[in-house]
Amino acid sequence: MLQGLALIFLCQLAGETLVRLLGVPVPGPVAGMVILLVGLVLAGGPGESLRRAGTGLLGYLTLFFVPAGVGLVTHGPRLAADWLPILVAIVVSTLATMLLVGWLVGRRVPPELEPGAAPEAGRNA
């Protein structure tokens, strides 16, 4: 588990370093997640240590929302002043995400599961 946590933190550190060196307007942890994703794709998935570390962190996922809640309280007046653009951004990004995921899932549906497809011969329907 310690090796998995070390790998996660090293990817975050690499992301932070990369962002600062390149001056890219992306949060370092996001760049670190991309680095981790590329590593996982190249490795064919997570090892046991990384899997255990990830599972352990999921148990504390609710704690990651505390800073966001504090930010909402701290920046309440700003949110009240800019509520409309924030609401539009949330709605548009949510709809775009739903459409993209629906399109991607639709491309992965096997032809025999398509709506209106005839059941295979010999199968009980």
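Please refer to the structure higher up on the page.
Residues numbered from 1 in each chain as written. Predicted model: local features only at pLDDT ≥ 70, side-chain atom pairs only at ≥ 80, totals over all residues. Heavy atoms only, no water.

Trainee: Help me out: how do you make sense of a nonpolar patch on the surface in this one?
Mentor: Together, Leu18, Leu21, Leu22, Val24, Val26, Val30, Met33, Val34, Ile35, Val38 and Leu42 line one region of the surface with nonpolar side chains, adding up to about 1,000 Å² of accessible area. Elements with a contribution of two residues or more to the nonpolar patch: α1 (2–22) and α2 (28–43). The dominant element in the nonpolar patch, judged by the number of residues it contributes, is α2, at 6 residues. (Patch = residues over 30% accessible without salt bridge, like charges linked within 9 Å, V, L, I, M, F, W, Y side chains within 5 Å. Areas by Shrake-Rupley, 256 points an atom, 1.4 Å probe, with all protein chains shown as cover. Salt bridge = Lys/Arg side-chain N within 4 Å of Asp/Glu carboxyl O. Helix = DSSP H or I, 4+ residues; strand = E, 2+ residues; numbered from the N terminus.)

Trainee: Would you mind going over the packing of α1 against α2 with me for this structure?
Mentor: Between two packed helices, both the angle of their axes relative to each other and the distance between the axes serve to describe the pair. At a closest axis distance of 7 Å, the pairing of α1 and α2 adopts a crossing angle of 120 degrees. What the angle tells us is that α1 and α2 run oblique. Between α1 and α2 the crossing geometry is right-handed. On the side of α1, the interface is formed by Leu7, Cys11, Gln12, Ala14, Gly15, Glu16, Leu18 and Val19, while α2 contributes Gly28, Pro29, Ala31, Gly32, Ile35 and Leu36. (Axes fitted to C-alpha atoms, helices over the stretch in contact; angles between N-to-C directions. Parallel < 35°, antiparallel > 145°, perpendicular 65-115°, else oblique. Left-handed = near helix turned anticlockwise from the far one by under 90°. Contact = heavy atoms within 4.5 Å.)

Trainee: Is there a simple way to think about the layout of surface pockets in this case?
Mentor: It is a probe the size of a water molecule, rolled over the atoms, that shows where empty space is left. Its boundaries defined by the atoms lining it, the largest pocket holds a volume of some 400 Å³. In terms of lining residues, the largest pocket is bounded by 14 residues, among which Ile8, Pro29, Met33, Leu36 and Leu57 are the most central. When contributions to the lining of the largest pocket are tallied by element, the ones reaching two or more residues are α1, α2 and α3 (48–58). Per-element tally for the lining of the largest pocket: the top contributor is α2, with 6 residues. Grouping the amino acids of the lining of the largest pocket by side-chain chemistry returns 10 nonpolar, 3 polar and 1 charged. (1 Å grid on protein atoms, 1.4 Å probe; cavity = no way out; pocket = protein on both sides within 12 Å on 5 of 7 lines; lining within 4 Å. Points joined across faces, edges and corners; volume = space filled by probe spheres on them. Nonpolar A, V, L, I, M, F, W, Y, C, P; charged D, E, K, R; others polar.)

In short, geometric facts, not functional conclusions.
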